[in-house]
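Here is what each chain is made of, one letter per residue.
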Amino acid sequence: MDERKPAKIVLRELQDRIAQDAWDAKQRGEKVGWCASNFPQEITTAMGIPVVYPENMGAAVGAKGGGQRMCEYAEGMGYSNDLCSYSRINFAYTDLKRCEELEIPFPDFLLCCNNICNCMIKWYENLALELDVPLILIDIPHLDAMTCDADRVKYIRAQFDDCIAQLEEITGKKMDYDRLNEVMSISQRSSKAWLRAVGYMSAEPSPFSGFDIFNNMAVACVGRGTVEAADAFEQLADEYAALVKEGKSTFKGEEKYRILFEGIACWSNLRFTYKTLQSRGINLTASIYGPAFSFLYSNLDELMAAYSYVPNSNCFEKELQLRVDDALKNKVDGAVFHMNRSCKHWSGNLYEMERQFREKTGVPTIVFDGDQSDPRCFSEAQYETRVDALTEIMEQRKKEAAQ
């Protein structure tokens with residue numbers, strides 16, 4: 001009998017331990033950084049430099065009910081409510097120096113890359129000014145083709161090497177390239193296991209509620225290069241494999257319909273968005289967001305390319321194809337598109353994405369308005385109405401297919 005803790009508990013405890021390690025390092029007088037979520041974590045992990053992630057804090061604060069309060073405080077400082085809610089929460093925390101939902105140690109340096117969005121650059125430039133700490137930026141240009149070419153890899157690699165040199169000077173820690181290769185190998189274990197775990201959504205029924213992706217994905221960002229993370233994700237994948245074999249699922253209720261959920265989760269409204277779907281027998285079985293925190297490569301040059309293939313950095317045609325392929329592979333009956341007020345880059349082409357996705361897959365779609373951590377942008381009534389409409393269409397199509 002397997003007496004191990006469930007993988008979801010192991011992942012939660014590991015996330016908490018990584019956060020505590022950063023606090024402990026700060027107490028010892030070590031240099032601690034704030035880091036963008038899609039920054040190459042292999043660098044800091046290999047160098048033993050503790051970093052924390054303001055985006056993760058923004059999501060957690062939103063999920064714990066503090067998003068509106070912190071956003072309103074930042075707006076009172078003069079920051080526009082058109083800015084990303086993660087950034088507003090972070091600006092409020094920078095000024096208040098406290099947050100009852102979650103706190104992170106203040107940085108001695110900042111690590112940023114713009115493969116997420118260009119808002120990240122202005123956000124971190126502002127932090128560097130306000131906190132008077134150095135900012136290291138890796139510019140990862142938006143792809144204009146389906147693949148990352150050699151010149152682009154060379155450009156990113158030069159900045160990667162320069163980042164290491166700057167961190168060595170700031171922290172006094174030297175890069176051990178044997179250790180870097182080890183971390184890269186461990187990161188591949190984590191990434192492949194995480195992709196294997198979420199890949200079981202293609203089973204019918206899916207062995208888990210797709211919203212579990214949102215709950216389990218944090219370690220893929222903050223601890224991907226650790227052995228503990230690799231072990232935990234491999235355990236998670238094995239647990240899902242066992243459920244598939246047994247024909248069981250953690251999804252509560254009958255899986256009547258399967259959907260693709262497009263976009264970042266509404267952390268402030270996570271329970272409502274999940275319960276509304278679950279009560280109608282709708283399970284999330286396709287998503288680009290969670291699996292995107294896996295980076296596959298076999299050497300340093302491929303690592304540079306891997307960080308160019310994140311959502312928001314790919315060309316439109318590749319992003320569309322990823323969603324179409326995922327929807328078809330995972331046999332969805334419909335799709336829910338989150339028009340996220342915070343993430344302008346992601347949402348800017350979403351209506352066209354939704355239109356072409358619908359044409360290529362043939363499945364019905366809905367779009368709802370929301371935000372990742374500011375609950376003022378989300379309407380329960382609108383969301384319910386849209387989901388009800390989608391449910392009616394999916395139900396009718398199933399009846400027609402059965403005739």
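Scroll up to find the structure this text is about.
This section reports on the structure supplied with the text. (Residues numbered from 1 in each chain as written. Predicted model: local features only at pLDDT ≥ 70, side-chain atom pairs only at ≥ 80, totals over all residues. Heavy atoms only, no water.)

### Looking at the overall build of the protein
Each helix and strand counted, the protein has 17 helices and eight strands in total. Its C-alpha atoms give the protein a radius of gyration of 21 Å, within 12% of the compact-globule value 22 Å for 403 residues. For the C-alpha atoms alone, the extent of the protein along its principal axes is close to 70 × 50 × 45 Å. Put simply, the protein has 403 residues, and 56% of those count as buried. For the protein, the share of sequence-separated contacts (at least 6 apart) that also reach a separation of at least 24 residues comes to 78%. (Helix = DSSP H or I, 4+ residues; strand = E, 2+ residues; numbered from the N terminus. Rg over C-alpha atoms; globule rule 2.2 N^0.38 Å. Buried < 20%, exposed > 50% of the residue type's maximum accessible area, 1.4 Å probe, protein only. Contact = heavy atoms within 4.5 Å.)

### Overview of helix 17 (residues 380–402)
In a regular helix each residue adds 1.5 Å, so 23 residues correspond to 33 Å; helix 17 covers 33 Å between its end C-alpha atoms and thus fits that length. Regarding helix 17, the residues found buried are Gln382, Tyr383, Val387, Leu390, Thr391 and Met394. The elements touched by buried residues of helix 17 are strand 5 (257–262), helix 12 (270–278), strand 6 (282–286), strand 7 (334–340) and strand 8 (365–370). (Expected span 1.5 Å × (residues − 1).)

### Topic: a positive patch on the surface
Taken together, Lys8, Arg12, Lys252, Arg271 and Lys275 make up a surface patch of like positive charges. Those elements that place two or more of their residues in the positive patch are helix 1 (7–27) and helix 12. Relative to the helices and strands, Arg12 is located in helix 1. (Patch = residues over 30% accessible without salt bridge, like charges linked within 9 Å, V, L, I, M, F, W, Y side chains within 5 Å. Areas by Shrake-Rupley, 256 points an atom, 1.4 Å probe, with all protein chains shown as cover. Salt bridge = Lys/Arg side-chain N within 4 Å of Asp/Glu carboxyl O. Lys, Arg positive; Asp, Glu negative; His and termini not counted. Charge placed at Lys NZ, Arg CZ, Asp CG, Glu CD.)

### Observations regarding helix 11 (residues 227–246)
For helix 11, built from 20 residues, the straight-helix expectation of 28 Å at 1.5 Å per residue is met to within 8% by its first-to-last C-alpha distance of 29 Å. Three or more residues of helix 11 are buried, namely Ala229, Ala230, Ala232, Phe233, Gln235, Leu236, Ala237, Tyr240 and Leu243. Buried residues along helix 11 sit in contact with helix 1, helix 8 (177–199), helix 9 (212–216) and helix 10 (218–222). Positioned one or two residues after helix 11, Gly247 has a phi angle of 70°, which is positive.

### Details of unusual backbone geometry
Between Glu204 and the following residue, Pro205, the backbone shows a cis peptide bond with an omega angle of -5°. Among the structural elements, Pro205 can be located in the loop between helix 8 and helix 9. The backbone of Asp132 shows a phi angle near 55°, a positive value even though the residue is not glycine. Checked against the element boundaries, Asp132 lands in the loop between helix 6 (119–131) and strand 4 (135–138). For Asn312, which is not glycine, the phi dihedral falls at a positive 85°. Tracing the backbone through its elements, the reader meets Asn312 in the loop between helix 13 (300–306) and helix 14 (316–329).

### Thoughts on the sheet that holds strand 6
Strand order in the open sheet formed by four strands is 6-5-7-8, and the pairing between neighbours is parallel. Two strands lie at the open edges of the sheet, namely strand 6 and strand 8, each paired on one side alone. Neighbour-to-neighbour, the strand axes of this sheet turn through a mean angle of 35°, independent of strand direction. By the bridge criterion, six bridges tie strand 7 to strand 8 in an arrangement that is parallel. When the bridges of strand 8 are listed, His338 appears paired with Phe368. Against the sheet, helix 16 (residues 350–361) engages strand 5, strand 7 and strand 8, with an angle of about 175° to strand 7. (Pairing = 2+ DSSP bridges. Axes fitted to C-alpha atoms, helices over the stretch in contact; angles between N-to-C directions.)

### Concerning the side chain of Ser287
Positionally, Ser287 belongs in the loop between strand 6 and helix 13. Using a relative accessible area of 2% as the deciding quantity, one classes Ser287 as buried. In terms of polar contacts, Ser287 uses its side chain to reach the backbone amide nitrogen of Tyr289, at 3.3 Å. What Ser287 contacts, discounting residues up to four positions off in sequence, is Met201, Phe214, Phe261 and Asp326. (Polar contact = N/O pair within 3.5 Å; in protein donor to acceptor, adjacent residues only side chain to side chain.)

### Things to note about the environment of Val133
Secondary-structure assignment places Val133 in the loop between helix 6 and strand 4. Here Val133 falls in the buried class, since its relative accessible area comes to 12%. Expressed as a C-alpha distance, the spacing of Val133 and Phe109, which sit 24 residues apart in the sequence, is 5.2 Å. In this view, Val133 contacts Pro107, Asp108, Phe109, Leu110 and Ala128; residues no more than four positions away in its chain are not counted.

### Examining the packing of aromatic side chains
Inspection of every chain in the model, using the stated rule, returns 23 aromatic pairs. Here Phe368 and Tyr383 contribute two aromatic rings whose centre-to-centre distance is 4.8 Å and whose plane-to-plane angle is 80°, an arrangement assigned as edge-to-face. In this pair, Phe368 is assigned in strand 8 and Tyr383 in helix 17, connecting sequence segments 15 residues apart. The pair formed by Phe368 and Tyr383 is uniform in burial state, with each residue classed as buried. Each ring, one from Phe378 and one from Tyr383, has its centre 5.6 Å from the other, and the planes form 50°; the classification is tilted. By relative accessible area, Phe378 is classed as buried at 9%. An aromatic cluster is built from Phe211, Phe214, Phe261, Trp267, Phe272, Tyr274, Tyr289, Phe293, Trp346, Phe368, Phe378 and Tyr383, whose rings are joined through pairwise contacts. A cation over a ring is seen here: Lys318 above Tyr309, with NZ or CZ 3.8 Å from the ring centre. (Phe/Tyr/Trp six-rings, centres within 6.5 Å; stacked < 30°, edge-to-face > 60°. Lys NZ or Arg CZ within 6 Å of the ring centre and 35° of its normal.)

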